[in-house]
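Examination of the molecular architecture
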Amino acid sequence: MYRILMLALFTCVVAHATAQVNFVKNPSFEEYYKCPDDADQIAYSKFWSNILDTVFNPTSFKQSEYFNRCALGSHIRASLPENNVFYQDARTGNGMAGCAFYFDKTSSPVPPVPNYREYLNGRLHTVLQAGKTYCVSFFLNLMETSGYAQNKIGAYLDDGSIHKLSIPVGSEVTTLIPQVYTSDVISDTMNWVKFEGSFVASGYETYITIGTFFKNADVTANVVPYFGAFNQYTYYLIDELVLYQ
């Protein structure tokens with residue numbers, strides 16, 4: 001296991017030194033159809049959506065958040081760096097996303113959707129080549145109002161079939177195996193933490209989805225001090241997604 005892990009990391013380091021192309025479209029959430037002015041508006045960021053919810057529906061409780069510096073004044077729920085539930089600037093540029101990846105279903109009250117989770121779905125510029133090794137990386141920051149910090153935040157790549165899952169929106173997705181996922185519990189609320197891993201493509205991948213694909217029992221979720229209404233959740237800010245060969 002140790003040897004395999006070291007080989008994967010070495011592959012990513014070598015690839016990074018010669019990488020020319022990031023296959024992820026709008027990787028830092030800079031491009032948008034409309035400046036966000038509220039929560040649940042990830043679909044305003046070009047090429048991004050929540051799985052099972054790809055339409056523009058800013059009043060829905062079913063989407064990840066989109067934050068951008070363009071949201072000023074009264075749009076405090078979508079603004080950067082100061083927000084009504086956190087203070088954090090984007091890792092790069094002016095935009096970033098935010099997702100609830102874990103819910104403690106033993107706590108109360110129960111939210112509108114039991115076991116509520118969000119899955120951030122983005123598009124790639126081109127289909128990946130079968131048999132080729134790719135490296136994927138992204139930055140995470142735990143929102144300071146989260147009640148938990150966790151591990152096993154993964155990246156799952158496919159042809160978009162994930163949108164066709166027969167499950168209620170917001171439910172756990174545990175039937176899919178992410179190609180890479182975090183092993184350490186990420187609890188830093190001040191600094192951006194980079195995750196990086198590698199995988200061999202099957203040759204049909206055109207979408208990337210970030211989320212938790214494991215049952216609660218298989219996730220390490222540590223209680224952390226919280227200051228607001230998110231004490232049943234982990235909530236992470238996400239920026240700078242990179243996929244390269």
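Look a little higher up for the structure.
Just so it is clear, the structure is predicted and the values come from calculations on it, not from any experiment. Numbering of residues begins from 1 in every chain and follows the order in which that chain's sequence is written. Residue-level local features of this predicted model are given only where pLDDT is at least 70; pairs of side-chain atoms are given and counted only at 80 or more, and the full residue set underlies all totals for whole chains, interfaces and linings. Side-chain measures were taken over the full set of non-hydrogen atoms in the model, leaving aside hydrogen atoms and water.

**Section: the packing of aromatic side chains**
Our working definition: Two rings from Phe, Tyr or Trp (for Trp, the six-membered ring) form a pair when their centres sit within 6.5 Å of each other. Planes less than 30 degrees apart are called stacked, planes more than 60 degrees apart edge-to-face, and all others tilted. Helix numbers and strand numbers start at the N terminus; a helix is a DSSP run of H or I with at least 4 residues, a strand a run of E with at least 2. To sort residues, take the accessible area from a 1.4 Å probe on protein chains only and compare it with the maximum for the residue type: under 20% means buried, over 50% means exposed, and anything in between is partly exposed. Note on criteria: charge over ring means Lys NZ or Arg CZ within 6 Å of the ring centre, with the direction from the centre no more than 35 degrees off the ring normal.
By the definition in use, this model includes 11 aromatic pairs. Residues F103 and Y233 carry aromatic rings whose centres are separated by 5.3 Å and whose planes lie at 45 degrees to one another, so their mutual orientation is tilted. You can see F103 sitting in strand β3 (residues 95-103) and its partner Y233 sitting in strand β12 (residues 233-244), a full 130 residues away along the chain. Ring geometry for Y156 and F213: centres 5.8 Å apart, planes at 50 degrees, overall tilted. Here Y156 is found in strand β7 (residues 154-158), whereas its partner F213 is found in the loop between β10 (207-211) and β11 (221-223), with 57 residues between them in sequence. Overall, F213 belongs to the buried group, its relative accessible area being 2%. For R91, the ring lying beneath its charged end belongs to F139, and the centroid distance is 4.0 Å. Seen from the ring of F214, K152 lies directly overhead, with NZ or CZ sitting 4.7 Å from the centre.

**Considering the nonpolar core**
Stated precisely, the cut-off is as follows: Definition used in this section: a nonpolar core is a set of buried Ala, Val, Leu, Ile, Met, Phe, Trp, Tyr and Cys residues joined via side-chain atoms within 4.5 Å.
One finds L120, L128, I210 and L243 to be the most contacted residues of the largest nonpolar core, which totals 34 residues. Those elements that place two or more of their residues in this core are β3, β5 (133-142), β7, β9 (193-200), β10 and β12. Take this core: its biggest share by element is 5 residues, from β5. In terms of nonpolar packing, the next biggest core, distinct from the first, is built from 14 residues, M96, F139, M143 and Y233 among them.

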